[in-house]
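Residue-level structural notes
Residue strings, one per chain:
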There are 2 protein chains.
Amino acid sequence: MLLDKTINQIGDLDRKAMEEAQKRLDSLIKPPGSLGVLEEMAVRLAGITGKARPRIEGKAVIIMAGDHGVVDEGVSIAPSEVTIQMMQAFINGTAGIGVLARHAAARLVVVDVGVFTTVNLPGVLQRKVRAGVGNIAVGPAMSREEAVQALEVGIEVAQSEIDAGSNLLATGDMGIGNTTPSSAILAAFGGYTAEEATGRGTMVNDEVMKLKTSAIARALAHNQPDPQDALDVLAKVGGLEIAGLAGVILGAAARRVPVLIDGFITTAAALVACKLQPKAREYMIASHLSGEQGHRMMLDLLDLRPVIHLEMRLGEGTGAVLTMHLLEAATKIMWEMASFDEAGVSDLEEDKILK
Amino acid sequence: MLLDKTINQIGDLDRKAMEEAQKRLDSLIKPPGSLGVLEEMAVRLAGITGKARPRIEGKAVIIMAGDHGVVDEGVSIAPSEVTIQMMQAFINGTAGIGVLARHAAARLVVVDVGVFTTVNLPGVLQRKVRAGVGNIAVGPAMSREEAVQALEVGIEVAQSEIDAGSNLLATGDMGIGNTTPSSAILAAFGGYTAEEATGRGTMVNDEVMKLKTSAIARALAHNQPDPQDALDVLAKVGGLEIAGLAGVILGAAARRVPVLIDGFITTAAALVACKLQPKAREYMIASHLSGEQGHRMMLDLLDLRPVIHLEMRLGEGTGAVLTMHLLEAATKIMWEMASFDEAGVSDLEEDKILK
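The model shown is predicted, which means the values in this text are computed figures rather than measured ones.

Once that is clear, we can look at the overall build of chain A. Helix and strand counts for chain A come out as 15 helices and 6 strands. Here the C-alpha radius of gyration of chain A, 21 Å, is about what a compact globule of 355 residues would show, namely 20 Å. Principal-axis analysis of the C-alpha atoms gives chain A an extent of 70 × 40 × 40 Å. Burial analysis of chain A (355 residues in total) assigns 68% to the buried set. Across chain A, every contact between residues at least 6 apart in sequence was considered, and the portion connecting residues at least 24 apart equals 76%. With an accessible surface of roughly 11,800 Å², chain A has 48% of that area assigned to carbon and sulfur atoms. In chain A, 33 positive and 44 negative side-chain charges are present, and the distance between their average locations comes to 3 Å.

Rendered as structure tokens:
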């Protein structure tokens with residue numbers, strides 16, 4: 001089974017490469033550690049790739065799209081038909097992610113893993129597992145088998161993108177209503193109530209917020225997802241695009257490729273991936289902190305720290321692709337900065353530095 | 001006098017351009033406001049430039065370099081000779097800012113406004129006002145006239161860079177010991193004690209930290225800078241590069257060009273600029289939040305919000321140039337995203353959105 005095989009392939013970070021990277025960083029003409037998280041990124045990239053000085057050679061953002069029966073509960077500001085309309089805009093390059101992926105020089109890969117209607121758009125990968133998931137407020141989103149299938153779609157798409165030359169992946173989501181299952185996943189894994197885990201998504205008003213919180217509370221009560229069983233949580237209160245994205249993360253980690261997490265929905269996927277294989281966490285790079293209130297709670301559960309604070313709440317991978325520039329900066333530091341010796345800069349007075 | 005003329009030239013933001021920009025943003029295929037601070041940046045750039053959809057056409061980072069007599073108090077981990085050694089590395093492109101400015105496709109302008117020794121490096125602008133400032137722990141940094149001269153150097157360099165085609169400037173600093181005057185400036189303007197305003201700079205140990213706090217306390221007690229008089233604060237407890245950077249900010253604002261603030265030292269310069277002309281604040285774009293503890297206190301005084309959280313503490317303009325990518329993203333959103341009408345995406349249900 002591809003999922004099990006992939007989970008078992010995910011290994012530890014390469015400590016030797018990390019030590020070499022740290023040694024190089026400490027030799028460069030700057031006070032030790034003064035490039036902060038940029039240095040941590042450089043060390044992490046070394047550990048992931050096994051190269052003390054990796055280069056980012058190809059970038060891609062993979063958007064998984066799926067629909068949600070829970071929109072029947074009135075949880076969203078847009079009808080489900082907007083999912084497919086936005087996929088068209090992704091392909092045309094005129095959506096937020098189209099603009100920002102181009103700005104980052106990242107390939108944009110759009111996958112139908114579970115949209116309600118038939119998607120017949122040139123350029124969209126057709127990998128539909130089923131036509132949307134069930135209404136989680138009244139039953140499970142999907143079967144356990146369907147969740148596995150969607151995870152495997154993600155693994156396959158990620159790895160074929162890696163085979164095509166990408167060595168940095170970003171995750172993106174599309175699916176009207178998908179902050180609702182993401183909040184349910186946060187509640188299930190974090191032990192939060194529906195009230196604690198539910199945010200305003202695309203800035204719904206108080207009335208919709210009430211419907212949304214109620215739907216999440218009923219989803220948890222009815223389905224009783226088992227937080228110790230990631231597939232159970234995913235199948236009962238998740239979504240197909242969330243499953244696909246968890247697969248992308250696992251697929252990248254198994255191939256030792258760093259993967260950028262985006263906002264609330266992709267971080268829900270990261271929670272699933274991390275529960276399936278805790279080692280996967282080391283291959284995830286946090287990008288932005290979403291305006292959605294539960295995002296920080298998710299990142300805390302994963303012990304990940306976002307670096308861009310723009311209060312965005314769009315999804316699509318927009319925060320993830322903006323962070324590619326910073327990761328590239330981290331690699332360039334390693335290649336292009338001089339050491340104290342090389343530059344003829346006087347050594348710092350070691351006895352004055354905080355150890 | 002150039003300084004007065006420049007201060008008087010600084011006008012208000014263009015409200016009409018900002019309204020047009022907001023209207024365009026609200027028409028784009030995304031929930032309203034969902035690109036968060038990226039949208040605020042787009043609106044601010046419209047207000048600064050007077051164009052609803054500006055483009056960033058040329059970028060430059062201006063590094064002002066100066067030395068500090070207060071290093072005699074043992075406040076630094078490096079000798080003053082490192083200032084000029086780093087300037088050489090800036091020119092060679094092998095320092096942190098060299099790498100990151102190249103990554104941002106920004107021109108790197110290095111200015112000697114007050115280094116101790118004679119700087120004879122091809123590529124460095126020779127605008128020395130005096131050879132380093134005095135030890136602020138025992139007397140004033142410089143005269144009021146020298147502070148004005150250094151401010152005018154900054155104005156001239158910024159405006160000549162703008163004349164050469166840059167329409168986005170970033171500020172950077174170099175000067176061994178310069179977190180000490182920056183803390184003194186924070187204490188003076190914010191009404192903080194030396195203890196509250198002093199941080200570890202390049203991560204000095206407890207012993208150096210004590211010397212540094214003491215030097216700042218004596219600088220404040222001896223000089224009695226008047227917080228209502230920006231030139232008094234700058235001349236008594238500032239530095240020539242800080243004055244030059246305040247000039248860069250004023251020069252950019254007078255020409256309606258956005259200017260990125262970097263870390264602790266450039267934000268001290270921003271405090272000076274803002275005290276000289278409060279309207280200058282509207283032309284400043286905050287970039288990163290430094291690891292230096294007083295940086296947030298400074299940004300709060302200015303009511304500016306940093307968007308990149310990397311805990312960097314290098315200076316040189318490194319955080320500022322990393323933020324250029326985000327500002328460019330904000331402009332591209334305005335040019336390249338489609339509206340709901342253009343893309344044929346269904347309207348959102350307005351009655352469900354929080355107003």
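All right, on to the sheet that holds strand β4 (residues 168–174) of chain A then. Residues and elements named next belong to chain A. Strand order in the open sheet formed by 6 strands is β3-β2-β1-β4-β5-β6, with parallel pairing between adjacent strands. Edge positions in the sheet fall to β3 (124–126) and β6 (284–286), since each of these pairs with one other strand and no more. When strand polarity is set aside, the average angle formed by the axes of neighbouring strands in this sheet is 30°. In the sheet, strand β1 (residues 59–66) pairs with strand β2 (residues 107–114) via 7 bridges, with the strands oriented parallel. If you follow Ala 65 over to β2, its bridge partner there is Asp 112. Each of β1, β2, β3 and β4 touches helix α4 (residues 81–92); the most contacted strand, β2, lies at about 155° to it. Along the sheet face, helix α12 (residues 264–276) touches β4, β5 (259–261) and β6 and points at about 115° away from the line of β4.

Take the domain arrangement of chain A next. How big an interface is tends to be expressed through the accessible area that disappears when the partners come together. Residues and elements named next belong to chain A. Structurally, chain A comprises domain 1 (2–54 + 333–354) and domain 2 (59–327). Taking the mean C-alpha position of each, domain 1 and domain 2 sit 31 Å from one another. Of the residues lining the interface, 19 residues belong to domain 1; the matching set on domain 2 comes to 28 residues. Both faces combined, the contact of domain 1 with domain 2 buries some 2,100 Å², and carbon together with sulfur accounts for 65% of it. In terms of surface lost to domain 2, no three residues of domain 1 exceed Leu 3, Ile 10 and Ile 48, which account for 31% of the buried area on that side. On inspection of domain 1 and its partner domain 2, the count reaches 2 salt bridges. For Asp 12, the salt bridge goes to Lys 279, with nearest N and O atoms at 3.6 Å. The interface formed by domain 1 and domain 2 holds 11 residue pairs in polar contact (both at pLDDT 80 or more) in total. Elements that contribute at least two residues to the side of domain 1 that touches domain 2 include exactly α1 (2–9) and α3 (36–49). The leading source of residues in the side of domain 1 that touches domain 2 is α3, at 9 residues.

This paragraph deals with the interface of chain A and chain B. Contact residues are listed per partner, giving 64 residues for chain A and 64 residues for chain B. Where chain A touches chain B, the interface holds 4 salt bridges. Residue Arg102(B) pairs with Glu336(A) through a salt bridge whose shortest N-O separation is 2.6 Å. Inspection of the chain A/chain B interface yields 31 residue pairs in polar contact (both at pLDDT 80 or more). When contributions to the side of chain A that touches chain B are tallied by element, the ones reaching two or more residues are α3, α4, α5 (96–103), α9 (206–223) and α14 (318–336) of chain A. Of the residues forming the side of chain A that touches chain B, the biggest block, 8 residues, is contributed by α14(A). Looking at the side of chain A that touches chain B residue by residue, the classes come out as 34 nonpolar, 15 polar and 15 charged.

Superposing the two chain copies requires a rotation about an axis and a translation along that axis. Superposing chain A onto chain B requires a rotation of 180° together with a translation of 0.0 Å along the rotation axis, leaving an RMSD of 0.0 Å. Expressed as a symmetry operation, the mapping of one chain copy onto the other fits a two-fold axis. Closest approach to the rotation axis among the C-alpha atoms of chain A is made by Ile308(A), whose C-alpha sits 2.4 Å away. A shared interface surface links the copies, since 100% of the contact residues of chain A are contact residues in chain B too.

This paragraph deals with the sheet that holds strand β4 (residues 168–174) of chain B. Residues and elements named next belong to chain B. As summarised here, the arrangement of the 6 strands in space is β3-β2-β1-β4-β5-β6, forming an open sheet in which the pairing is parallel. On the outer flanks of this sheet lie β3 (124–126) and β6 (284–286), each paired with one strand and no other. This sheet shows a mean twist of 30° between the axes of neighbouring strands, independent of strand direction. Two strands pair when backbone bridges link them, and strand β1 (residues 59–66) and β4 are joined in this way by 7 bridges, in the parallel orientation. By the bridge assignment, Ala 65 is partnered in β4 with Met 174. Those strands touched by helix α4 (residues 81–92) are β1, β2 (107–114), β3 and β4, and its axis lies near 155° from that of β2.

Take α5(A) next. Burial runs high along α5(A): 7 of the 8 residues are buried. Listed as buried for α5(A) are Gly96(A), Ile97(A), Gly98(A), Val99(A), Leu100(A), Ala101(A) and His103(A). Elements in contact with the buried residues of α5(A): β1, α4, β2 and α14 of chain A together with α3 (36–49) and α14 (318–336) of chain B. The positive-phi residue at the C-terminal boundary of α5(A) is Ala105(A), with phi of around 55°.

A separate point is the confidence of the model for chain A. With 100% of its residues at a pLDDT of 70 or more, chain A has an overall mean of 98. Note on the complex model: pTM 0.98, ipTM 0.97.

This part takes up the packing of aromatic side chains. All names here are of chain A. In total, this model carries 0 aromatic pairs over all chains according to the counting rule given. Here the guanidinium or amino end of Arg 53 rests over the ring plane of Trp 335, the centre of that ring lying 4.4 Å away. Here the basic side chain of Arg 55 rests over the ring of Trp 335, its NZ or CZ set 3.7 Å away from the ring centre.

Here we come to the side chain of Lys59(B). All names here are of chain B. Looking at where Lys 59 falls in the secondary structure, it is placed in strand β1. Its relative accessible area of 12% is what places Lys 59 among the buried residues. There is a polar contact of 2.8 Å between the side chain of Lys 59 and the backbone oxygen of Ala 104. Residues within four places of Lys 59 in sequence aside, it is in contact with Ala 104, Ala 105, Ala 106, Arg 107, Ser 166, Leu 168, Met 324 and Glu 328.

Let us now look at the nonpolar core. Formed by 298 residues in total, the largest nonpolar core has its most connected members in Leu38(A), Leu169(A), Met284(A), Leu310(A), Leu38(B), Leu169(B) and Leu310(B). When neighbours within four sequence positions are excluded, Leu169(B) is seen to be in contact with Ala60(B), Ile62(B), Ala158(B), Glu161(B), Ile162(B), Val248(B), Ala252(B), Val257(B), Pro258(B), Val259(B) and Leu260(B).

All names here are of chain A. In this structure, Thr 171 sits in strand β4. Looking at Thr 171, the relative accessible area reads 0%, which means it is buried. Thr 171 sits 75 residues away from Ala 246 along the chain, and the two C-alpha atoms are 9.2 Å apart. If we skip the residues at most four places from it in the chain, Thr 171 touches Val 61, Ile 62, Leu 245, Val 248, Ile 249, Val 259, Leu 260, Ile 261, Asp 262, Thr 266, Gly 317 and Ala 320. There is a polar contact of 2.8 Å between the side chain of Thr 171 and the backbone oxygen of Leu 260.

Residue and element names in this part refer to chain A. End to end, α12 covers 19 Å across 13 residues, agreeing with the expected 18 Å (1.5 Å per residue, within 8%). Across the 13 residues that make up α12, a large majority, 12, are buried. Among the residues of α12, those classed as buried are Phe 264, Ile 265, Thr 266, Thr 267, Ala 268, Ala 269, Ala 270, Leu 271, Val 272, Ala 273, Cys 274 and Leu 276.

So, how was this worked out
Residues numbered from 1 in each chain as written. Chains lettered and ligands numbered in written order. Predicted model: local features only at pLDDT ≥ 70, side-chain atom pairs only at ≥ 80, totals over all residues. Heavy atoms only, no water. Helix = DSSP H or I, 4+ residues; strand = E, 2+ residues; numbered from the N terminus. Rg over C-alpha atoms; globule rule 2.2 N^0.38 Å. Buried < 20%, exposed > 50% of the residue type's maximum accessible area, 1.4 Å probe, protein only. Contact = heavy atoms within 4.5 Å. Areas by Shrake-Rupley, 256 points an atom, 1.4 Å probe, with all protein chains shown as cover. Lys, Arg positive; Asp, Glu negative; His and termini not counted. Charge placed at Lys NZ, Arg CZ, Asp CG, Glu CD. Pairing = 2+ DSSP bridges. Axes fitted to C-alpha atoms, helices over the stretch in contact; angles between N-to-C directions. Domains from an automatic or database assignment. Buried area = accessible area lost by both parts, 1.4 Å probe. Salt bridge = Lys/Arg side-chain N within 4 Å of Asp/Glu carboxyl O. Polar contact = N/O pair within 3.5 Å; in protein donor to acceptor, adjacent residues only side chain to side chain. Nonpolar A, V, L, I, M, F, W, Y, C, P; charged D, E, K, R; others polar. Least-squares fit on C-alpha atoms with pLDDT ≥ 70 in both. pLDDT = per-residue confidence, 0-100. Phe/Tyr/Trp six-rings, centres within 6.5 Å; stacked < 30°, edge-to-face > 60°. Lys NZ or Arg CZ within 6 Å of the ring centre and 35° of its normal. Core = buried A, V, L, I, M, F, W, Y, C linked by side-chain atoms within 4.5 Å. Expected span 1.5 Å × (residues − 1).

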